Amino acid sequence: MDTYPVNQPMLVIMDPDTAREVANSNLKKHWNLKKFVEPLAGTENLLLLEGAVWKKWRNVFNPSFSPTQLMSQVPTIVDYVTQFVAILDERASKNELFRMEEEATKVTIDVIGKVVCDHEFKTLTTDNEFVQLLRSSLTWMPDSQSFDPFHRHHPLRPLFWKYYKYRMDNYIGKVLDERFTFQNASKENRKRQKTGIDLALEEYFKESGQTVDARTATMDSEFRRYAIDNLQSLLFAGHDTTASTICYCYHELGKHPAELQKLRRELDDVFGVGVDAGEQIKHDPYIINKCDYTSAVIKEILRMWAPASTVREGRKDYFIKDPVTEEMLPTDKMLVWIPAISIHRDARYWGEDAHIFRPERWLPENADELPSAEAYRPFERGPRNCIGQELANIELKILLAMTIREFDIRSAFDELDTLDTDGSLWAADQSFKKGVQKCFDDEMYQILLAAGKPRQGMPARVKRRRGLMHG
Ligand code: HEM
């Protein structure tokens with residue numbers, strides 16, 4: 001696809017086997033990605049680094065996302081989701097129209113903040129400075145569909161981005177420095193569960209050959225830069241994709257009563273009718289593995305509304321074989337894109353109902369119907385796959401288990417205009433409301449704001465179904 005002069009020519013990969021080859025190749029991430037990531041998380045981070053430096057940092061953070069480490073975080077996740085439930089309950093009792101994406105972002109930020117930084121962002125209960133800066137930075141993201149040259153190359157954009165990044169660096173830098181001072185200062189601390197920030201610091205002590213003693217150790221500025229950018233990339237990548245996915249879960253379930261009923265029935269079977277799922281999950285985190293249909297709903301949503309994908313930079317010496325003509329296609333000066341969402345909706349792999357929400361396709365008894373695993377890549381595949389996929393899955397299951405039986409949730413695009421002055425990032429940029437307002441025959445199509453987010457942040461209404469069982 002040649003979009004010159006708006007963008008570089010693109011080679012769009014729609015064939016799952018070719019996608020596997022590209023994902024496993026050493027083609028670098030495309031420089032275009034930097035435009036989105038740098039304002040939010042700098043350049044020295046897992047999303048953008050390459051080669052040996054990337055490998056080193058991936059190894060540093062991998063243990064924070066191991067199954068055992070994640071399961072140990074489940075009670076914390078339940079506590080945050082309980083606060084999210086309280087917010088929904090308040091919205092319901094006031095019968096308020098609100099943007100679900102804004103509220104979902106709060107819970108996912110609080111979770112990732114705790115999992116990665118062991119820091120309480122308290123976004124669910126207070127106005128957190130870091131999150132406000134992150135959202136302000138997002139308001140400056142160019143609308144990729146805009147042909148207005150002033151909008152695309154706004155002269156003030158780099159200044160604002162620099163300012164927000166500077167303040168976000170200060171915030172995370174402080175969290176890091178506090179941890180650095182605190183690191184291993186006491187025996188009890190050494191025994192604590194280690195989060196991403198501890199592992200990063202451990203790596204530093206190992207590399208710098210310093211003894212772990214808070215009074216004499218110093219942190220060099222290069223390490224500090226890498227640590228801050230990496231923590232920010234985890235905070236950023238770890239919240240908005242998950243927030244977007246839970247919104248689409250609510251949206252599709254709201255449109256599909258039969259599937260919603262099946263989901264509620266499964267949760268009743270696993271947790272008991274009228275029994276609080278949160279307390280049970282806290283007590284036995286592995287109970288969520290019994291929820292096959294819940295898992296199927298999440299997989300189906302990530303198939304239909306995958307919020308992220310990979311873009312790679314072509315190279316002179318790298319050719320891709322056209323699976324039909326067998327022609328060797330050059331990739332030099334091209335953006336090589338694997339649009340997961342398009343592969344996920346391709347009838348050649350998923351059948352005539354590729355655009356239909358049908359969680360049943362993921363149930364164990366229907367495994368034979370599924371196409372090759374390569375045709376499903378919401379978290380990408382190969383060495384640069386998503387480090388946080390298990391965390392996202394656990395979080396999404398807990399969110400569904402603790403909300404879907406408590407509330408009726410529906411998107412409310414018919415009332416969108418009444419949110420024009422709510423001060424959200426969506427209200428700030430009215431250009432999102434212009435132009436065609438349906439894609440895949442759905443008003444809640446994705447808007448590219450770093451990741452694919454639900455249009456207008458999903459205007460929503462919630463109704464309580466029964467008395468709350470949580471705190
Ligand atoms: C539903 C939720 C999520 C989806 C759909 C998703 C999707 C993706 C995709 C498609 C990539 C590949 C990007 C590329 O090639 O440029 C990726 C990478 C990444 N994701 Fe996620 N992600 C999710 C949640 C998370 C969470 C919870 C974290 C928490 C830390 C996270 C952290 C990352 C990081 C750090 C990378 C870069 C990995 C590397 O290159 O080594 N993501 N994700």
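If you're wondering where the values come from, they're calculated on a predicted model, not measured in any experiment.

Reading the values: the criteria
Residues numbered from 1 in each chain as written. Predicted model: local features only at pLDDT ≥ 70, side-chain atom pairs only at ≥ 80, totals over all residues. Heavy atoms only, no water. Pairing = 2+ DSSP bridges. Helix = DSSP H or I, 4+ residues; strand = E, 2+ residues; numbered from the N terminus. Contact = heavy atoms within 4.5 Å. Axes fitted to C-alpha atoms, helices over the stretch in contact; angles between N-to-C directions. UniProt positions renumbered as here; feature names shortened; annotations may be inferred. Left-handed = near helix turned anticlockwise from the far one by under 90°. Nonpolar A, V, L, I, M, F, W, Y, C, P; charged D, E, K, R; others polar. Core = buried A, V, L, I, M, F, W, Y, C linked by side-chain atoms within 4.5 Å. Buried < 20%, exposed > 50% of the residue type's maximum accessible area, 1.4 Å probe, protein only. Salt bridge = Lys/Arg side-chain N within 4 Å of Asp/Glu carboxyl O. Near = heavy atom within 4 Å. Polar contact = N/O pair within 3.5 Å; in protein donor to acceptor, adjacent residues only side chain to side chain.

K.L.:
Even after reading the chapter, I still don't get the sheet that holds strand 7 (residues 407-411), so can you show me in this structure?
P.N.:
Strand pairing in a sheet relies on backbone hydrogen bonds. The paired strands run either parallel or antiparallel. On the basis of which strands lie adjacent, the open sheet formed by 3 strands has the order 2-10-7 and antiparallel pairing. Because the sheet does not close on itself, it has two edges, and the strands there are strand 2 (98-99) and strand 7. Of the pairings in the sheet, the one linking strand 2 to strand 10 (residues 459-464) comprises 2 bridges and is antiparallel in character. Directly across from arginine 99, in strand 10, lies its bridge partner proline 459. Docked against the sheet, helix 5 (residues 74-93) engages strand 2, strand 7 and strand 10, running at close to 90 degrees with respect to strand 10.

K.L.:
How should the UniProt feature "binding site: heme" (unreviewed entry) in the protein chain be read in this particular structure?
P.N.:
In the UniProt entry, the feature "binding site: heme" (unreviewed entry) is given for Cys386. Positionally, cysteine 386 belongs in the loop between helix 18 (347-350) and helix 19 (389-403). Discounting chain neighbours no more than four positions away, the residues touching cysteine 386 are Arg58 and Phe379.

K.L.:
I keep staring at the packing of helix 9 (residues 157-182) against helix 11 (residues 196-208) and nothing clicks. Help me out?
P.N.:
Geometrically, a packed helix pair is captured by the angle between its two axes and the distance between the axes. Packing of helix 9 against helix 11 brings their axes to within 10 Å, and their N-to-C directions diverge by 65 degrees. Like other packed secondary-structure pairs, helix 9 and helix 11 cross with a definite hand, here right-handed. Across from Val175, Leu176, Arg179 and Phe180 in helix 9, the residues of helix 11 making contact are Ile197, Asp198, Leu201, Tyr204 and Phe205. Its residues assigned to classes, the contact of helix 9 with helix 11 shows 7 nonpolar, no polar and 2 charged.

K.L.:
Where do I start with the nonpolar core in this structure?
P.N.:
Nonpolar side chains in soluble globular proteins tend to be buried together. Trp57, Phe61, Met100, Tyr250, Ile281, Ile398 and Leu400 are the most contacted members of the largest nonpolar core, which totals 131 residues. For this core, the element with the highest residue contribution is helix 5, accounting for 10 residues. In contact with isoleucine 398, other than residues within four places in its own chain, are Val74, Ile77, Val78, Val81, Ile281 and Ile288. Of all hydrophobic cores here, the second largest spans 7 residues; its members include Met10, Ala41, Leu48 and Val311.

K.L.:
Explanation requested: helix 2 (residues 31-41) in the structure shown.
P.N.:
Within helix 2, burial applies to Asn32, Leu33, Phe36, Val37, Pro39, Leu40 and Ala41. Tucked inside the fold, the buried residues of helix 2 contact helix 7 (129-139), helix 9, helix 12 (221-237), strand 3 (310-313), strand 6 (335-338) and strand 8 (446-449). Just past helix 2, the residue glycine 42 takes up positive phi, approximately 65 degrees.

K.L.:
Would you explain the sheet that holds strand 3 in this entry?
P.N.:
Spatially, the 3 strands line up as an open sheet ordered 1-6-3, and their pairing is mixed. The open sheet has two edge strands with one neighbour each: strand 1 (10-12) and strand 3. Across the sheet, the mean angle separating the axes of adjacent strands is 25 degrees when strand polarity is ignored. For strand 3 and strand 6, the ladder comprises 4 bridges, and the chain directions are antiparallel. By the bridge assignment, glutamate 313 is partnered in strand 6 with leucine 335. Against the sheet, helix 1 (residues 16-24) makes contact with strand 3 and strand 6, and its axis sits at roughly 120 degrees relative to strand 6, the strand it touches most.

K.L.:
Whenever I open this one, the pattern of salt bridges confuses me. Can you help?
P.N.:
Pairs may arise between side chains of opposite charge once their charged atoms sit close together. Summed over all chains, the structure comprises 41 salt bridges. Note that arginine 225 and aspartate 229 form a salt bridge whose closest N and O atoms lie 2.8 Å from each other. In this pair, arginine 225 and aspartate 229 both sit in helix 12, 4 residues apart, roughly one turn of the helix. Salt-bridge contacts for lysine 453 lead to aspartate 240; the nearest nitrogen and oxygen are separated by 2.8 Å. In this pair, lysine 453 sits in strand 9 (residues 451-454) while aspartate 240 sits in helix 13 (residues 240-255), placing the two residues 213 residues apart along the sequence. One exposure class covers both lysine 453 and aspartate 240, and it is buried. Several salt bridges share partner residues, and in doing so they unite Glu300, Arg303, Asp353, Arg358, Arg361 and Glu369 into one network.

K.L.:
Looking at this structure, how should I read the site of the ligand?
P.N.:
Taken together, 28 residues lie near the ligand, and Trp54, Arg58, Thr310, Arg384 and Cys386 sit nearest. Here an oxygen atom of the ligand sits 3.3 Å away from a polar atom, N or O, in the main chain of leucine 46. Between the ligand and the protein, one listed contact pairs an oxygen atom with a side-chain N or O atom of tryptophan 54 at 2.7 Å. Put simply, the parts of the chain that give the shell around the ligand at least two residues each are helix 3 (51-61), helix 12 and helix 13. Here the shell around the ligand is built from residues that sort into 16 nonpolar, 8 polar and 4 charged.

K.L.:
Would you take a moment to explain the environment of proline 383 for this structure?
P.N.:
One can find proline 383 in the loop between helix 18 and helix 19. A relative accessible area of 41% places proline 383 in the partly exposed class. A sequence separation of 10 residues divides proline 383 from alanine 373, and the C-alpha atoms of the two residues are 16 Å apart. With sequence-adjacent residues up to four places away left out, proline 383 is seen in contact with Ala23, Asn24, Trp54 and Arg58.

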